[in-house]
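Structure assessment
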There are 2 protein chains.
Amino acid sequence: MKVELRQATSADAEALWSLFSAIFADGTTYAPDERTSQASFLTDWFGRGGEQWVAEADGRLVGAYTLRPNQPGRGSHVGTASYGVDASTRGLGVGLMLGTHSLERARALGYAAIQFNFVVSTNATAVRLWKRLGFQVLATLPGAFRHPALGAVDAYVMWRSLP
Amino acid sequence: MKVELRQATSADAEALWSLFSAIFADGTTYAPDERTSQASFLTDWFGRGGEQWVAEADGRLVGAYTLRPNQPGRGSHVGTASYGVDASTRGLGVGLMLGTHSLERARALGYAAIQFNFVVSTNATAVRLWKRLGFQVLATLPGAFRHPALGAVDAYVMWRSLP
């Protein structure tokens, strides 16, 4: 499977919503739930500045990320990012590719660090990936995520400096 | 000075902007800086759900807070809040009054905890107040705030459970 990254455009809106609405419906990895509307998702994804990228394989969107300042103004030198990978292509390295690319972009854009605000502690794939990419857990938010099967589980604030 | 709290209305928009634009111009306590527009501030304050309250003394707005979910959906049982006190009334207990009231409201609304995402570590008044009200530092975000006089200083993620 050959995967290529390119910047997202408004023409990707439907495919992005298809990917993320499935993630929200699954309910095990992201705070937004099945009640999230397409409009609010797209406003959140494209309407907060920064850069949005998509991963394509055989002309199909299989992953995406958005990278933007985590705070405005006096905190805008620290970035944050969100990622999604299509369920059918998990385990094939798309997440690692997106994560690696986003760190390169963050460095190129001059961010001093990347902060993830809400990594679900039971999302082992994500936690392992972020640690592999140099992130550390700065805080454990006790019971901050209502997991559909496990009940209240912790979420992590994760951080990686970009020296 | 007799201070009374009431819920904010759209009629408070100008007075709120007057209070917060001065705070942003000062630049020592909040990420939004002097480039923040009135429209974006008001959208942020009133447009993200939750409750907004103001403190009045002699018919003048001297403080305010907003209380809302920190995450949507599966994280919405943890709240977050922002506060502002007019410079002319600092040290008179308005911050303590707002903080105490917001915790009562958070409990009444069923929040399990309150998380502050970005407390500037050099804002000693705020850090002391939040510790007094039972908050603890869960994470230190290294150099996450560009202080106008001190350069890059840490910011804290603070947390208080509401059992």
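Heads up: the structure comes first, above all this text.
Predicted, not measured: the structure shown is a model, and the values here were computed from it. (Residues numbered from 1 in each chain as written. Chains lettered and ligands numbered in written order. Predicted model: local features only at pLDDT ≥ 70, side-chain atom pairs only at ≥ 80, totals over all residues. Heavy atoms only, no water.)

1. Brief notes about the overall build of chain A
Formally: Strands are runs of DSSP state E lasting at least 2 residues, helices are runs of H or I lasting at least 4, and numbering of each runs from the N terminus. Each radius of gyration is computed over the set of C-alpha atoms, and the globule rule expresses the reference value as 2.2 Å times the number of residues to the power 0.38. Note on exposure labels: buried denotes an accessible area under 20% of the residue type's maximum, exposed denotes more than 50%, and partly exposed covers the range between, all computed with a 1.4 Å probe on protein chains only. Throughout, a contact is declared for two residues whenever any of their heavy atoms are within 4.5 Å. With residues, only the protein chains shown are counted as cover, and all accessible areas are computed by Shrake-Rupley using a 1.4 Å probe. Here Asp and Glu are counted as negative and Lys and Arg as positive; His is not counted, and neither are the chain ends. Where a charge lies is defined by one atom per residue type, namely NZ (Lys), CZ (Arg), CG (Asp) and CD (Glu).
Assigned secondary structure in chain A consists of four helices and seven strands. When its helices and strands are written in sequence order, chain A yields β-α-α-β-β-β-α-β-α-β-β. Scaling as 2.2 N^0.38, a compact globule of 163 residues should have a C-alpha radius of gyration of about 15 Å, and chain A matches this with 15 Å. C-alpha atoms of chain A, sized along the principal axes, occupy 40 × 40 × 30 Å. A burial count over chain A gives 52% of its 163 residues as buried. Within chain A, contacts between residues separated by at least 24 positions form 62% of all contacts whose residues are at least 6 apart in sequence. Total accessible area on chain A is roughly 7,300 Å²; 51% of this is exposed by carbon and sulfur atoms. Taking the average place of the 15 positive charges on the side chains of chain A and the average place of its 13 negative ones, the gap between the two points comes to 9 Å.

2. Some thoughts on the interface of chain B and chain A
As a reminder, the rule being used: Two parts placed together each lose some accessible area under a 1.4 Å probe, and adding up what both lose gives the buried area. We define a salt bridge as a contact between a side-chain nitrogen of Lys or Arg and a carboxyl oxygen of Asp or Glu at a distance within 4 Å. Here a polar contact is taken to be a pair of N or O atoms separated by no more than 3.5 Å, where protein atoms must pair a possible hydrogen donor with a possible acceptor and residues adjacent in sequence count only if both atoms sit in side chains. When residue character is reported, Ala, Val, Leu, Ile, Met, Phe, Trp, Tyr, Cys and Pro are called nonpolar, Asp, Glu, Lys and Arg charged, and the others, Gly included, polar.
Facing 30 residues of chain B, the contacting portion of chain A comprises 30 residues. Both sides of the chain B and chain A interface together cover about 2,400 Å² of buried area, and 57% of this is carbon and sulfur. Of all residues in chain B, the largest losses of buried area upon contact with chain A belong to Arg74, His77 and Arg146 of chain B, amounting jointly to 31% of the total for that side. Here chain B is connected to chain A by zero salt bridges. At the junction of chain B and chain A, the tally comes to 14 residue pairs in polar contact (both at pLDDT 80 or more). Those elements that provide at least two residues to the side of chain B that touches chain A are strand S5 (113-120), strand S6 (136-147) and strand S7 (151-161) of chain B. For the side of chain B that touches chain A, the element with the most residues is S6 of chain B, which contributes ten residues. For the side of chain B that touches chain A, a count of residues per class yields 15 nonpolar, ten polar and five charged.

3. Side note on the relation of the copies chain B and chain A
Spelled out, the test is: A least-squares superposition brings the copies together, and it is based on the C-alpha atoms of residues with pLDDT no lower than 70 in both.
Of the two same-sequence chains, chain B is brought onto chain A (RMSD 0.0 Å, axial shift 0.0 Å) by a rotation of 180°. Taken together, the turn and the small shift mark the pair as related by a two-fold rotation axis. When C-alpha positions in chain B are compared against the rotation axis, the closest is assigned to Ala139 of chain B, at 2.5 Å. Both copies contact each other with a shared surface, as 100% of the interface residues of chain B are interface residues in chain A too.

4. Brief notes about the sheet that holds S5 of chain B
Each strand in a sheet pairs with its neighbour through backbone hydrogen bonds, running either in the same direction (parallel) or in the opposite one (antiparallel). All names here are of chain B. Heads up, the condition is: Two strands make a pair as long as DSSP finds a minimum of two bridges between them. Axis definition: a line fitted to C-alpha atoms, limited for helices to the stretch in contact. Angles are taken between N-to-C directions and run from 0 to 180 degrees.
On the basis of which strands lie adjacent, the open sheet formed by seven strands has the order S1-S2-S3-S4-S5-S7-S6 and mixed pairing. Edge strands, defined here as strands with exactly one partner in the open sheet, are strand S1 (3-7) and S6. Adjacent strand axes in the sheet meet at a mean angle of 25°, parallel and antiparallel pairs treated alike. Here S5 pairs with S7 via six bridges, running antiparallel. Opposite Ala113, over in S7, you have Ser161 as the bridge partner. Contacts between helix H2 (residues 38-46) and the sheet are confined to strand S2 (51-57), strand S3 (60-69) and strand S4 (78-85), with S3 contributing the most and set at about 60° to the helix.

5. Focus: the sheet that holds strand S1 (residues 3-7) of chain A
Residues and elements named next belong to chain A. Across the sheet, which stays open at both edges, the seven strands sit in the order S1-S2-S3-S4-S5-S7-S6 with mixed pairing between neighbours. In this open sheet, the two edge strands, each paired with only one partner strand, are S1 and strand S6 (136-147). Across this sheet, the average inter-strand angle for adjacent strands is 25°, counted without regard to direction. Here strand S2 (residues 51-57) runs beside strand S3 (residues 60-69); their pairing, made up of seven bridges, is antiparallel. From the neighbouring strand, Val54 faces S3, where its bridge partner is Ala64. Relative to the sheet, helix H2 (residues 38-46) contacts S2, S3 and strand S4 (78-85), its axis offset from that of S3 by approximately 60°.

6. Observations regarding empty space enclosed by the protein
The condition is simple: The definitions used throughout rest on a 1 Å grid laid over the protein atoms alone, on which a cavity is an enclosed set of points accommodating a 1.4 Å probe that cannot get out and a pocket is an open set flanked by protein within 12 Å on both sides along at least five of seven lines; lining residues are those having an atom within 4 Å of a point. Grid points are joined across faces, edges and corners, and a volume is the space filled by probe spheres set on the points.
Taken as a whole and assessed by the stated rule, the structure comprises one cavity of 30 Å³ or more. Looking at the largest cavity, its volume works out to about 30 Å³. Together, Asn70, Gln71, Gln115, Asn117 and Val157 of chain A together with Gln115, Asn117 and Val157 of chain B line the largest cavity. Those elements that provide at least two residues to the lining of the largest cavity are strand S5 (113-120) of chain A together with S5 of chain B. Among the residues forming the lining of the largest cavity, the class breakdown is two nonpolar, six polar and no charged.

7. Points about unusual backbone geometry
The phi torsion of most residues other than glycine is negative, and most of the peptide bonds are trans. Phi is positive for Asp58 of chain A, which is not a glycine, with a value near 55°. With respect to the helices and strands, the residue Asp58 of chain A is situated in the loop between S2 and S3.

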